[in-house]
Amino acid sequence: MPPPSFPRVVPAMAIAIGLAPGVVGASPTVNFTGPLVTPAVNTLPAGMLNIEPCLIHANTRGRYDNAGGRHASRPMLRQWQLAVPVTYGITDSFGVQLTPTASRTSGGGIHTDGLLRVGDTNLRMQQRLLAPAADGTGLVVAVAAAHNLTTGTYHQLDTNPLNATGSGAARTHWVVGAQRLYLLDAGRAVRWRGQVAWSPSPRAIRVRGASIYGTDEGFRGRVHASQAWNATLAAEYALDPRWVLVGEAVWNRQGSLRVTSDHGTFARYKPGQTFSLAPAAEYHFSSTMGLIAGVQFTVAGRNRSDDVTPQVALNMLF
């Protein structure tokens, strides 16, 4: 029988709906790197490159039941994640981003084999519909499509379940985002940014042997995932050209999952959702390089894990 909670291990963070960099130097007088989770809305100028290595330490400390009650997890799972979004402006209003990931998980006296294992990769394409004014103010609106490339291991785990680094789901998110900058007195500024993302049900995921979906050695079957939703809202307050304070709220909803073996239904997992906050601070070395550090933590949920995730990213514009 499958375990009472899903997933069995913590796959690498879903990059499809987060970790897209902001643009350092968003206006002539203030700098922003962008918040921790909400992707960039404005597009890089044609021919410009942005690289933002992100180091993430995910700690699963509990789990929410179907009624929203929280239960502590023993042992805790801890995962180091490395994500490197690379964004390139093809035109002044259209850009592409590729984000490879890798991770290492530990818990219960065991750990992932090797130092780091390759996770899923995200490909994102974004079209800006409404551009800002020359000083960076004004409403910016964009649409995007982000597709998860299943480069991480999610099944055939042999005797070590912590070797899982991916989901196996070739899922596409369709995204609408908006942001606006307000310049204040004394060189200060406020920028808000938000997005809504929806993903239809991906094609069935083929599963063989032990997997993150609770299956064991000898299993042969498929996983049928439902649609997913994500919404984020962030605000950045620039104290001066170097320091920026960030506040962010994140909502995720994942539909039900059905695991079927070649001989019939194996397990069903109920829909789940989480609500988390992500405060952070930014420091800008120059108009082309900024550092952001903060923590994302779950404050409520249902049928999902309770996580605390410190993270830091270096945003570099070329």
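Residues numbered from 1 in each chain as written. Predicted model: local features only at pLDDT ≥ 70, side-chain atom pairs only at ≥ 80, totals over all residues. Heavy atoms only, no water.

Draft legend 1. Spotlight on the overall build of the chain. For the chain, the count of helices and strands is zero helices and 22 strands. For 318 residues, the compact-globule formula gives about 20 Å, and the C-alpha radius of gyration of the chain, at 20 Å, lands near that figure. Here the contacts in the chain between residues at least 6 apart in sequence split such that 66% fall between residues at least 24 apart. Accessible surface for the chain amounts to roughly 13700 Å². Of this, 62% is attributable to carbon and sulfur atoms. Side-chain charges in the chain split into 27 positive and 17 negative, and the spacing between the mean points of these groups amounts to 8 Å. (Helix = DSSP H or I, 4+ residues; strand = E, 2+ residues; numbered from the N terminus. Rg over C-alpha atoms; globule rule 2.2 N^0.38 Å. Contact = heavy atoms within 4.5 Å. Areas by Shrake-Rupley, 256 points an atom, 1.4 Å probe, with all protein chains shown as cover. Lys, Arg positive; Asp, Glu negative; His and termini not counted. Charge placed at Lys NZ, Arg CZ, Asp CG, Glu CD.)

Draft legend 2. Main features of the side chain of N160. Counting through the fold element by element, N160 comes out in the loop between β10 (138-149) and β11 (172-183). On the basis of relative accessible area, N160 is assigned to the buried category, the value being 10%. Within the structure, N160 has its side chain in polar contact with the side chain of D113 (distance 3.1 Å). Residues within four places of N160 in sequence aside, it is in contact with I110, H111, T112 and D113. (Buried < 20%, exposed > 50% of the residue type's maximum accessible area, 1.4 Å probe, protein only. Polar contact = N/O pair within 3.5 Å; in protein donor to acceptor, adjacent residues only side chain to side chain.)

Draft legend 3. A look at the pattern of salt bridges. Applying the stated criterion to the full structure yields four salt bridges. Where salt bridges share partners, they join R61, R70 and D306 into one cluster. (Salt bridge = Lys/Arg side-chain N within 4 Å of Asp/Glu carboxyl O.)

Draft legend 4. Looking closely at the environment of G136. Residue placement: G136 occurs in the loop between β9 (121-130) and β10. Taking C-alpha positions, G136 is 9.7 Å from N42, a pair spaced 94 residues apart along the chain.

Draft legend 5. Region of the structure containing a nonpolar patch on the surface. Taken together, the side chains of L55, W80, L82, L115, L116 and V312 present a nonpolar region at the surface, about 550 Å² in accessible area. Among the residues examined, L55 registers a relative accessible area of 40% and is labelled partly exposed. (Patch = residues over 30% accessible without salt bridge, like charges linked within 9 Å, V, L, I, M, F, W, Y side chains within 5 Å.)

Draft legend 6. Inspection of the side chain of T60 at higher detail. With respect to the secondary-structure elements, T60 resides in strand β2 (residues 54-64). Take T60: its relative accessible area is 9%, and that puts it in the buried class. Within the structure, the side chain of T60 is placed 2.9 Å from the side chain of D307, a separation counted as a polar contact.

Draft legend 7. Region of the structure containing the sheet that holds strand β17 (residues 257-261). One open sheet holds the four strands; their spatial order is β13-β14-β17-β18, and the pairing between them is antiparallel. Strands at the two margins of the open sheet, each flanked by one partner only, are β13 (205-208) and β18 (264-269). For this sheet the average axis-to-axis angle between neighbouring strands, irrespective of direction, equals 25°. Taken together, the five bridges between β17 and β18 define a ladder with antiparallel strand orientation. The partner of S261 across the bridge, within β18, is G264. (Pairing = 2+ DSSP bridges. Axes fitted to C-alpha atoms, helices over the stretch in contact; angles between N-to-C directions.)

Draft legend 8. Spotlight on the pairing of strand β20 (residues 280-286). Of the pairings in the sheet, the one linking strand β16 (residues 243-254) to β20 comprises four bridges and is antiparallel in character. Following the sheet pairing, W243 is matched in β20 by Y283. Bridge count between β20 and strand β21 (residues 289-302): six bridges; the pairing is antiparallel. Paired with H284 across the two strands is G290, which belongs to β21. What sits between β20 and β21 in their antiparallel hairpin is a turn of two residues.

Draft legend 9. Representation of the confidence of the model for the chain in the model. Here the chain averages 89 in pLDDT, and 91% of its residues register 70 or above. Here residues 1-25 is modelled with pLDDT under 50, and outside its nearest four sequence neighbours on either side it reaches 114 contacts, counting other chains as well. (pLDDT = per-residue confidence, 0-100.)

Draft legend 10. Here's a closer look at the pairing of strand β3 (residues 70-83). Alignment of β2 against β3, held across 10 bridges, turns out to be antiparallel. Counted as the bridge partner of G62 is A72 from β3. Hairpin connection, β2 to β3: the antiparallel pair is bridged by five residues, and G68 has positive phi, about 90°.

Draft legend 11. Layout of unusual backbone geometry. Located in the positive-phi region is Q156, a residue other than glycine, with phi close to 55°. Of note, Q156 is situated in the loop between β10 and β11. Of note in this structure, A186 is not a glycine but carries a positive phi near 60°. Along the chain, A186 turns up in the loop between β11 and β12 (189-199). Among the residues examined, A186 registers a relative accessible area of 75% and is labelled exposed.

Draft legend 12. Representation of the packing of aromatic side chains. In the structure shown here, the tally under the stated rule is four aromatic pairs. Measuring from centroid to centroid gives 5.1 Å for F219 and F266, while their planes differ by 55°, and the two rings are tilted. Here F219 is found in the loop between β13 and β14 (220-225), whereas its partner F266 is found in strand β18, with 47 residues between them in sequence. F219 gets classed as buried once you look at its relative accessible area, which sits at 9%. Relative accessible area serves as the criterion here: at 24%, F266 is assigned to the partly exposed category. The interplanar angle of 85° and the centroid separation of 5.2 Å between the aromatic rings of Y283 and F285 together place this pair among those described as edge-to-face. (Phe/Tyr/Trp six-rings, centres within 6.5 Å; stacked < 30°, edge-to-face > 60°.)

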